[in-house]
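Each chain is listed here by its residues.
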Amino acid sequence: MGKVILTGDRPTGKLHLGHYVGSLRRRVQLQDEGNYDNMFVFMADVQALTDNADNPEKIRQNIIEVALDYLAAGLDPAKCTLFVQSQVAELAELTTYLMNLITVSRVQRNPTVKTEIKMRNFEANIPLGFFCYPVSQAADITLFKATTVPAGEDQEPMLEVTRELVRRFNQTYGEVLVEPEIMLPENATARRLPGTDGKEKMSKSLGNCIYLSDSADEVWQKVRSMYTDPNHLNVSDPGTVEGNAVFTYLDAFCTDADFAEFWPEYACLDELKDHYRRGGLGDMKCKKFLYSVLEKTLAPMRERRHGFEQDIPAIYDMLRQGTERARETAAQTMDEVRRAMRINYFDDAELIRSQAEKYRAK
């Protein structure tokens, strides 16, 4: 069995730094290391429609935005397969079969689903498609026999549902599907990057994001207004690092080399934190340093994105080709699934022969 990565994003808007440090940066590293037999990265438009069914144009417009962010961040269609979820019909078929192997109560116990339902105010009226998206996600993973799913820690309950469905399918029908493992970000801070306002999670809906495509001016405005320590009123005051968004972002992004380049007064982040805790260090200096660190990452992405934007038809063609490759893999898995489930009626010569003999004998 090969080593396969599968991961993706809902195309509900441009990607932000939370996406980048949570999984996108790692995807590019894994792609370039070449230690996996296959890598699939997809735009989860079917899942996006579960809570945007009345606004398909939003999804339609953001397919290209996410594709541009992928390419700008360094994903290479020559090294990984980029595809659009809705264009792989086999995913819908496998989702239907997996739904028979899980109960409503099991889905309801999923803490990620509970959180998402509350966040979208769906408590009183949950769309069925949204309620079932853990099963759809399991189909995404298992159809490509993914062994590894790079994701944030909030996705672990979803991966557990997938593993349970794999075990149930294999016990019922035969060994076909593969149990995946989650790959968490190496940097623990990056597992859940807070918003610029200090809230627990960076979110498009909360308006607390720094987007990968933001201009340098937009990045600076967002960094300048970033949440710090509300009790650090004067430069001389001792400051708190914990819960301070500026230092959380520095934990996720900066290196010792960044200090040598942008702030040689300090050798490393620990020295900067110690000074801030003692007092005598202003927030604005820290924010200017953070801005320099972020721009070191974002400026090259911005330039690459601008280049890709000059030939949008080529981006759609790249996605079409990637989707065709994904469908080839999906079709192979579904052939195995149908044989295991005994629903491959038309290509089972033995079934046809035995049925013919049965009725001739009457």
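In case you missed it, the structure is sitting above this.
Residues numbered from 1 in each chain as written. Predicted model: local features only at pLDDT ≥ 70, side-chain atom pairs only at ≥ 80, totals over all residues. Heavy atoms only, no water.

(A) Layout of the layout of surface pockets. Put simply, the largest pocket is a space of about 1,500 Å³. Around the largest pocket sit 49 residues that line it, and H19, E116, D154, Q155 and K201 are the ones nearest its centre. Listed by contribution, the elements that provide at least two residues to the lining of the largest pocket are β1 (4–9), α1 (17–33), α6 (111–119), α8 (133–143) and β4 (148–150). Approximately 330 Å³ is the volume found for the second largest pocket. Lining the second largest pocket are 13 residues, and of these D45, I63, V84, S86 and Q87 sit closest to its centre. Going through the elements one at a time, α2 (45–49), α3 (56–73) and α15 (312–341) are the ones with two or more residues in the lining of the second largest pocket. Looking at the lining of the second largest pocket, its residues break down into seven nonpolar, three polar and three charged. (1 Å grid on protein atoms, 1.4 Å probe; cavity = no way out; pocket = protein on both sides within 12 Å on 5 of 7 lines; lining within 4 Å. Points joined across faces, edges and corners; volume = space filled by probe spheres on them. Helix = DSSP H or I, 4+ residues; strand = E, 2+ residues; numbered from the N terminus. Nonpolar A, V, L, I, M, F, W, Y, C, P; charged D, E, K, R; others polar.)

(B) Seen up close, the pairing of strand β2 (residues 38–43). Burial analysis of β2 places five of its six residues in the buried class, which makes it a mostly covered element. Inspection of the sheet shows β1 paired to β2 by six bridges, in the parallel sense. Paired with D9 across the two strands is M43, which belongs to β2. Assessed by its sense of winding, the connection that carries the chain from β1 through α1 to β2 is right-handed. (Buried < 20%, exposed > 50% of the residue type's maximum accessible area, 1.4 Å probe, protein only. Pairing = 2+ DSSP bridges. Right-handed = clockwise from strand over helix to strand, strands pointing away.)

(C) Local environment of the nonpolar core. The biggest cluster of nonpolar side chains holds 62 residues, and the ones touching the most others in it are L17 and L272. Top contributing element to this core by residue count: α3, with nine residues. Of all hydrophobic cores here, the second largest spans 39 residues; its members include L94, A138, V149 and L159. (Core = buried A, V, L, I, M, F, W, Y, C linked by side-chain atoms within 4.5 Å.)

(D) Representation of the pattern of salt bridges. One pass over the structure, following the stated rule, counts 27 salt bridges. E261 is the salt-bridge partner of K296, the closest N and O atoms lying 3.1 Å from each other. You can see K296 sitting in helix α14 (residues 283–309) and its partner E261 sitting in helix α12 (residues 256–262), a full 35 residues away along the chain. Sharing partners across several salt bridges, the network here consists of E156, E160, R163, R167 and E179. (Salt bridge = Lys/Arg side-chain N within 4 Å of Asp/Glu carboxyl O.)

(E) Region of the structure containing the packing of helix α4 (residues 90–99) against α15. Where α4 meets α15, the axes come as close as 10 Å, and the angle between the chain directions of the two elements is 30 degrees. The angle between α4 and α15 places the two elements in the roughly parallel class. The two elements α4 and α15 cross, and the hand of that crossing is left-handed. When α4 is examined against α15, the residues E90, E93, L94 and Y97 are found in contact with a partner set consisting of R327, A330, A331, M334, V337, R338 and M341. (Axes fitted to C-alpha atoms, helices over the stretch in contact; angles between N-to-C directions. Parallel < 35°, antiparallel > 145°, perpendicular 65-115°, else oblique. Left-handed = near helix turned anticlockwise from the far one by under 90°. Contact = heavy atoms within 4.5 Å.)

(F) Region of interest: the packing of aromatic side chains. Applying the stated criterion across every chain yields a total of 12 aromatic pairs. Here W220 and Y291 contribute two aromatic rings whose centre-to-centre distance is 5.5 Å and whose plane-to-plane angle is 70 degrees, an arrangement assigned as edge-to-face. With a gap of 71 residues between them, W220 in helix α10 (residues 216–224) and Y291 in helix α14 connect regions that are remote in the sequence. We classify W220 as buried; its relative accessible area is 19%. The partly exposed category is assigned to Y291, whose relative accessible area is 22%. Pairwise contacts between aromatic rings join F40, F42, F83 and F144 into one cluster. The ring of Y36 has K3 lying over it, and the distance from NZ or CZ to the ring centre is 4.7 Å. (Phe/Tyr/Trp six-rings, centres within 6.5 Å; stacked < 30°, edge-to-face > 60°. Lys NZ or Arg CZ within 6 Å of the ring centre and 35° of its normal.)

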